[in-house]
Every structure is written in structure tokens, then in C-alpha cells.
Amino acid sequence: MSLATAPLSIVVVEDEPDIADLLALYFRREQWDVFVARSGEDGLNTIRARQPDFVILDIGLPGKLDGLAVCAELRATSNVPVLFLTAREDEVDRLLGLELGADDYVVKPFSPREIVARVKAILRRGGQLSSDTKSPRTSFDSIVIDSDRKEALVDGQTVPLATQEWSLLEFLVENTGMALSRQQILDGGWGPDWIGDPRTVDVHIRQLRKKLGDDLPLNTVRGVGYRLG
Ligand code: CA
């Protein structure tokens, strides 16, 4: 796999030193620039200062801002891909319920190798890799989906989409008119190696509907899943 030519950078926001150090070690081995922050406030400052290509965010953090609050603040101004680390299932429920535009999450304990693979998969899907394939623009009334520029516009205004939301939208556009099951959407939009909760699809579909509005012909197909167009 060939990543973009400039070194990639990552901010790891994690208060447990063992976990932070392990992740830092694995990403430095991959030639990434790694910055570690130990609290939510520190994390937000570091992310703003470094403008990284990726953020790993622990949900349980000391101080006023937990990982969810950090992501909410971040999403006001940034679409940087975020992978959450969670310690507990109830944190997963909160994460999915809040619709923060998280790109993925991993429940502790995890293997650092798995995290590196997930992060790379998200960047691949988000197009931070060179690609020769060019796709045309697709439009639905006020909405234009530009696959070259990886952006969606409503009434000519760019709508900020999280990496995973873009990946989902792109997969739906490629399969316009087809009823797709959640599993097909997971395989196509998240990749066959993605392991996680199928509810993630519903959460991201809701986000797309909310962000792109009524002109997006994204239909629920009872007993199957979803269909664009
Ligand atoms: Ca923690």
C-alpha cells in the first residue's frame, strides 16, 4: 500500500500511558508523526495546533472534556477522521447515539496492529491515497456529489462530511437505484475487513439525510436496507 508522499501525522488522545506509548510506537514504526495528548483539553489544543491527518480519541479522559466532547468541539471546524477507543459497551451506545461523525471505534483491549490497519483502511476509503479512477459528478436536484473532489454540495455550498460519511455516500452513488442490505453497505462502504455494529449504518444514513436534506433520494427499503434513487 502506498500512502501519500508527505509523512502522515496522528494525534493520540489517551490518558493511559501504556496504551498511548504502544500506539505511538506502532505508528512511528509506520513512519507517521505522532503527537500524544493526555486530556481532552490538551487533545483539542494539540489537534488544532498540529492539524493531523488522523485522530485517535479515548472516550474516558480526565478533566472537563471527555473524548465525545472533544469530538463534538472538533466537528464544528474539522473533518479529520476520528477513531474512538472505548472501554465499555455503554460508551459505544453513547457514541452511536450522539452521531458525532466518528469514523470508527475500537473497544479495549485491542491489538495495536488492528488499530493501524483500521486507520489505514479509513484513510484509503477517504481518498488520502493516490487513485487513478475518476468519476463524474452526480446530482440530485440541489445536491451535487463530486467524486473527483470528494465533496458534496447543496445549493453550491460544500457540506462537511466525515470520512466515513463520504465513503458511505460514494458507495450509495455507485449503486444508485439498487436496494442494498446493511451488510452490503458495510462491505462496500466500510470494507469487508470491518468488524462492528450494523447499527453504525443506520447512524451514518441518518447523518447523511440530515446533512444533505430532502433532495437526497435516500430511501428506506423495508426488510432490506436502503436505496439511493
Ligand atoms: Ca482513559
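Values in this document were obtained by computation on a predicted structure and should not be read as measured data.

Draft legend 1. Here's a closer look at the sheet that holds strand S12 (residues 225-228). If you walk across this open sheet you meet the three strands as S10-S12-S11, and the pairing is antiparallel. Both outer strands of the open sheet, strand S10 (179-181) and strand S11 (218-221), are each paired with one neighbouring strand and no more. Put simply, the sheet's adjacent strands are angled 35° from each other on average, direction ignored. Strand direction decides the pairing type here: S10 and S12, joined by three bridges, are antiparallel. Each bridged residue has a counterpart across the sheet, and for Ala179 the counterpart in S12 is Arg227.

Draft legend 2. A look at the coordination of the calcium ion. At this site the calcium ion is bound by Asp15 (OD), Asp58 (OD) and Gly60 (O), with donor distances of 2.2 to 2.4 Å. Between the donor residues of the calcium ion, the gaps in sequence give the motif D-x42-D-x1-G. You can see Asp15 sitting in the loop between strand S1 (9-13) and helix H1 (17-29) and its partner Gly60 sitting in the loop between strand S3 (54-58) and helix H3 (67-75), a full 45 residues away along the chain. By relative accessible area, Gly60 is classed as partly exposed at 33%.

Draft legend 3. Examining the packing of aromatic side chains more closely. Inspection of the entire model under this criterion finds one aromatic pair. Centre to centre, the rings of Phe27 and Trp32 are 5.1 Å apart; their planes meet at 70°, and the pair counts as edge-to-face. In this structure Trp32 comes out as buried when scored by relative accessible area, which is 4%. The positively charged end of Arg29 is found above the aromatic ring belonging to Tyr26, 4.8 Å away from the centroid.

Draft legend 4. Spotlight on the pairing of strand S2 (residues 33-37). In the sheet, S1 pairs with S2 via five bridges, with the strands oriented parallel. Considered in S2, the bridge of Val12 is made with Val36. In this region the chain leaves S1, passes through H1 and returns to the parallel neighbour S2; the handedness of that crossover is right-handed.

Draft legend 5. Seen up close, the nonpolar core. Core analysis: the largest hydrophobic core is formed by 26 residues, its most contacted members being Leu169, Leu172, Ile185, Leu208, Leu212, Leu216 and Leu218. Of all the elements in the fold, those that place two or more residues in this core are strand S7 (143-146), strand S8 (151-154), helix H6 (163-174), helix H7 (182-190), helix H8 (199-212) and S12. Sorting elements by how many residues they give to this core places H6 first, with six residues. With near-sequence residues (within four places) excluded, Leu216 lies in contact with Phe140, Ile143, Leu169, Leu208 and Leu228. In terms of nonpolar packing, the next biggest core, distinct from the first, is built from 24 residues, Ile59, Phe84, Val92 and Tyr105 among them.

Draft legend 6. Seen up close, the packing of H1 against helix H5 (residues 112-126). Put simply, H1 and H5 touch, their axes get as near as 10 Å, and they point 55° apart. Comparing the axis directions of H1 and H5 gives the class oblique. In terms of crossing hand, the pair formed by H1 and H5 is right-handed. Here Leu22, Leu23, Tyr26 and Phe27 of H1 lie close against H5, whose contacting residues are Pro112, Arg113, Ile115, Val116 and Val119. Of the residues contributing to the contact of H1 with H5, the split by class is eight nonpolar, no polar and one charged.

Draft legend 7. Empty space enclosed by the protein, seen in detail. What the rule picks out here adds up to one cavity of 30 Å³ or more. Quantified by volume, the largest cavity comes out at close to 120 Å³. In this structure, the largest cavity is lined by 16 residues; those nearest its centre are Leu96, Ala102, Thr200, Val203 and His204. Elements that contribute at least two residues to the lining of the largest cavity include exactly helix H4 (89-98), strand S5 (104-107) and H8. Here the lining of the largest cavity is composed, by residue class, of eight nonpolar, four polar and four charged. When we break the lining of the largest cavity down by domain, the ones giving at least three residues each are domain 1 (9-125) and domain 2 (137-228).

Conventions and cut-offs
- Residues numbered from 1 in each chain as written.
- Predicted model: local features only at pLDDT ≥ 70, side-chain atom pairs only at ≥ 80, totals over all residues.
- Heavy atoms only, no water.
- Pairing = 2+ DSSP bridges.
- Helix = DSSP H or I, 4+ residues; strand = E, 2+ residues; numbered from the N terminus.
- Axes fitted to C-alpha atoms, helices over the stretch in contact; angles between N-to-C directions.
- Donors = N, O, S within 2.8 Å, 3.2 Å for Na, K, Ca; no water.
- Buried < 20%, exposed > 50% of the residue type's maximum accessible area, 1.4 Å probe, protein only.
- Phe/Tyr/Trp six-rings, centres within 6.5 Å; stacked < 30°, edge-to-face > 60°.
- Lys NZ or Arg CZ within 6 Å of the ring centre and 35° of its normal.
- Right-handed = clockwise from strand over helix to strand, strands pointing away.
- Core = buried A, V, L, I, M, F, W, Y, C linked by side-chain atoms within 4.5 Å.
- Contact = heavy atoms within 4.5 Å.
- Parallel < 35°, antiparallel > 145°, perpendicular 65-115°, else oblique.
- Left-handed = near helix turned anticlockwise from the far one by under 90°.
- Nonpolar A, V, L, I, M, F, W, Y, C, P; charged D, E, K, R; others polar.
- 1 Å grid on protein atoms, 1.4 Å probe; cavity = no way out; pocket = protein on both sides within 12 Å on 5 of 7 lines; lining within 4 Å.
- Points joined across faces, edges and corners; volume = space filled by probe spheres on them.
- Domains from an automatic or database assignment.

Geometric values such as these leave the question of function open.
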